[in-house]
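# Secondary and tertiary structure notes
Here is what each chain is made of, one letter per residue.
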Amino acid sequence: MSYLEAIVLGIVQGLTEFLPISSSGHLRIVPELFGWSDPGASFTAVIQLGTMAAVVSFCWNDLWRITWAWCQDAWRIVKDRSTKGERSSDDARMGWYLIVATIPIAIFGFAFKDQIETGARDLRLIASTLIIGGLVLLWADRSGSRTQGIEHISTKDGVTIGLAQSLALVPGVSRSGATISAGMFLGFTREAAARFSFLL
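The model shown is predicted, which means the values in this text are computed figures rather than measured ones.

Criteria and thresholds
Numbers given for residues are sequential positions, taken from 1 along each chain in its written order. Two thresholds apply to this predicted model, a pLDDT of at least 70 for residue-level local features and 80 or more for giving and counting side-chain atom pairs, whereas whole-chain, interface and lining totals are computed over all residues. Side-chain measures were taken over the full set of non-hydrogen atoms in the model, leaving aside hydrogen atoms and water. Secondary structure is summarised from DSSP: a helix means a run of H or I of at least four residues, a strand means a run of E of at least two, and numbering begins at the N terminus for each. Accessibility here uses a 1.4 Å probe with only protein chains present; expressed as a share of the type maximum, an area under 20% marks a residue as buried, one over 50% as exposed, and anything in between as partly exposed. Methods summary: accessible areas were calculated by the Shrake-Rupley approach with a probe of 1.4 Å, and residue burial reflects only the protein chains presented. Only heavy atoms enter the contact rule, under which two residues are in contact if any of them lie within 4.5 Å. Think of a nonpolar core as a cluster: buried Ala, Val, Leu, Ile, Met, Phe, Trp, Tyr and Cys residues, connected wherever their side-chain atoms sit within 4.5 Å. Per residue, pLDDT measures the predictor's confidence, with a range of 0 to 100. To get an axis, a line is fitted to the C-alpha atoms, and for a helix only the part in contact is used. The angle between two axes follows their N-to-C directions and goes from 0 to 180 degrees. With the far helix as reference, a near helix turned anticlockwise by less than a right angle produces a left-handed crossing, and one turned clockwise produces a right-handed crossing. Basically, the charged four are Asp, Glu, Lys and Arg, the nonpolar ten are Ala, Val, Leu, Ile, Met, Phe, Trp, Tyr, Cys and Pro, and anything else, Gly included, counts as polar. Counted as salt bridges are all cases of a side-chain nitrogen of Lys or Arg within 4 Å of a carboxyl oxygen of Asp or Glu. Pairing of aromatic side chains here covers Phe, Tyr and the six-membered ring of Trp, requires ring centres within 6.5 Å, and sorts the geometry by plane angle: under 30 degrees stacked, over 60 edge-to-face, intermediate tilted.

### Structural notes on the overall build of the chain
When its secondary structure is counted, the chain shows 10 helices and zero strands. Ordering the α and β elements of the chain from the N terminus gives α-α-α-α-α-α-α-α-α-α. Along the first, second and third principal axes, the C-alpha set of the chain runs to 60 × 35 × 30 Å. Burial statistics for the chain: of 200 residues in total, 39% are counted as buried. Of the roughly 11,500 Å² of accessible surface on the chain, a fraction of 67% belongs to carbon and sulfur atoms.

This is how it looks when you write it as structure tokens:
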């Protein structure tokens with residue numbers, strides 16, 4: 001891979017990461033359009049560290065507050081050996097929900113590692129998932145009640161959104177698109193679904 005290819009793909013990653021479209025799918029399509037070789041799943045994963053750093057920087061205050069509240073809550077549970085009694089704060093519960101929502105993608109990513117790196121990078125599959133993902137996002141936006149704020153999230157919601165996130169292991173499926181769609185199907189507002197998606 002040349003420096004020019006790396007720069008172009010970095011720009012593509014930066015432009016697509018913060019929209020509910022698949023950055024990994026576009027990182028597969030753009031090289032094909034220019035006649036370049038497939039950068040591979042490893043390059044795609046590494047280049048996403050840059051945009052992940054930008055998200056962490058933007059959400060730093062929220063992430064730090066949630067992490068601190070979660071640590072205090074976890075310590076209270078370990079110390080008291082019980083979840084009864086004092087109710088967890090909203091930030092602590094958000095920490096638990098983010099952990100729960102992360103578990104499915106970790107499990108599926110490990111279980112289907114080989115398929116993700118090979119067969120899942122087929123352009124026909126990516127084109128199909130891009131189209132289907134766009135239609136699902138439109139459906140979620142039109143059919144969801146969009147009445148609940150992020151403070152109404154539950155463990156069940158966290159698991160459901162986490163399962164939706166695991167679909168993003170397939171190039172062409174947008175992680176943010178899948179999680180925002182799931183959030184809106186569950187009745188969350190666009191803002192609440194997007195906030196949980198980016199915290200996740």
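### Considering helix H9 (residues 175–185)
Two residues of an α-helix separated by three or four positions point the same way, owing to the 3.6 residues in each turn. In terms of residue burial, H9 counts as a mostly covered element, since nine of its 11 residues are buried. Listing the buried residues of H9 in full gives Ser176, Gly177, Ala178, Thr179, Ile180, Ser181, Ala182, Gly183 and Met184. Those residues of H9 that are buried lie in contact with helix H1 (3–17), helix H7 (123–143), helix H8 (155–166) and helix H10 (190–199).

### A closer look at the nonpolar core
Among the nonpolar cores identified, the biggest contains 20 residues, and Met94, Leu98, Ile153, Ile161, Phe196, Leu199 and Leu200 are the most heavily contacted of them. When residues of this core are traced back to their parent elements, those giving at least two are helix H4 (60–80), helix H5 (90–111), H8, H9 and H10. No other element matches the four residues that H5 contributes to this core. Ignoring anything within four residues of it in the chain, the contact list for Leu98 reads Ile66, Phe196, Leu199 and Leu200.

### So, the confidence of the model for the chain
When pLDDT is averaged along the chain, the result is 87; 94% of the residues meet or exceed 70. When mean pLDDT is compared element by element in the chain, H8 scores highest at 94, while helix H6 (residues 113–117) scores lowest at 69.

### Brief notes about the packing of H1 against helix H2 (residues 23–34)
Taken N-terminus to C-terminus, the directions of H1 and H2 make an angle of 145°; their axes are 9 Å apart at the nearest point. At the point where H1 passes H2, the crossing takes the right-handed sense. Here Val8, Leu9, Val12, Gln13, Thr16 and Glu17 of H1 come into contact with H2, specifically with Ser23, His26, Leu27, Val30 and Pro31. A breakdown of the residues in the contact of H1 with H2 according to their chemical character gives six nonpolar, four polar and one charged.

### Some thoughts on the pattern of salt bridges
A full pass over the atoms with the stated rule returns 10 salt bridges. Note that Glu32 and Arg28 form a salt bridge whose closest N and O atoms lie 3.1 Å from each other. On the criterion of helical spacing, the pair formed by Glu32 and Arg28 is a turn pair, its members being four residues apart in helix H2. By relative accessible area, which is 43% here, Glu32 ends up partly exposed. The shortest N-O distance in the salt bridge between Arg146 and Asp141 comes to 3.8 Å. The class for Arg146 is partly exposed, based on a relative accessible area of 29%. Overall, the relative accessible area of 22% leaves Asp141 in the partly exposed class.

### Quick notes on H10
Inspection of H10 places Ala192, Ala193, Phe196, Ser197 and Leu199 among the buried residues, and these make up the whole buried set. Buried residues in H10 make contact with H4, H5, H8 and H9.

### A short note on the environment of Leu135
Relative to the helices and strands, Leu135 is located in helix H7. Accessibility expressed as a relative area gives 54% for Leu135, which makes it exposed. For the pair Leu135 and Ile107, spaced 28 residues apart in sequence, the C-alpha to C-alpha distance is 27 Å.

### Description of the packing of aromatic side chains
For the structure on display, the rule yields six aromatic pairs. Relative to Phe198, the ring of Phe18 lies with its centre 6.4 Å away and its plane at 20°, an arrangement referred to as stacked. Here Phe18 is found in the loop between H1 and H2, whereas its partner Phe198 is found in helix H10, with 180 residues between them in sequence. Exposure remark for Phe198: the relative accessible area of 25% places this residue in the partly exposed category. Ring plane angle 20° and centroid distance 6.4 Å describe the contact between Trp64 and Trp68, whose orientation is recorded as stacked.

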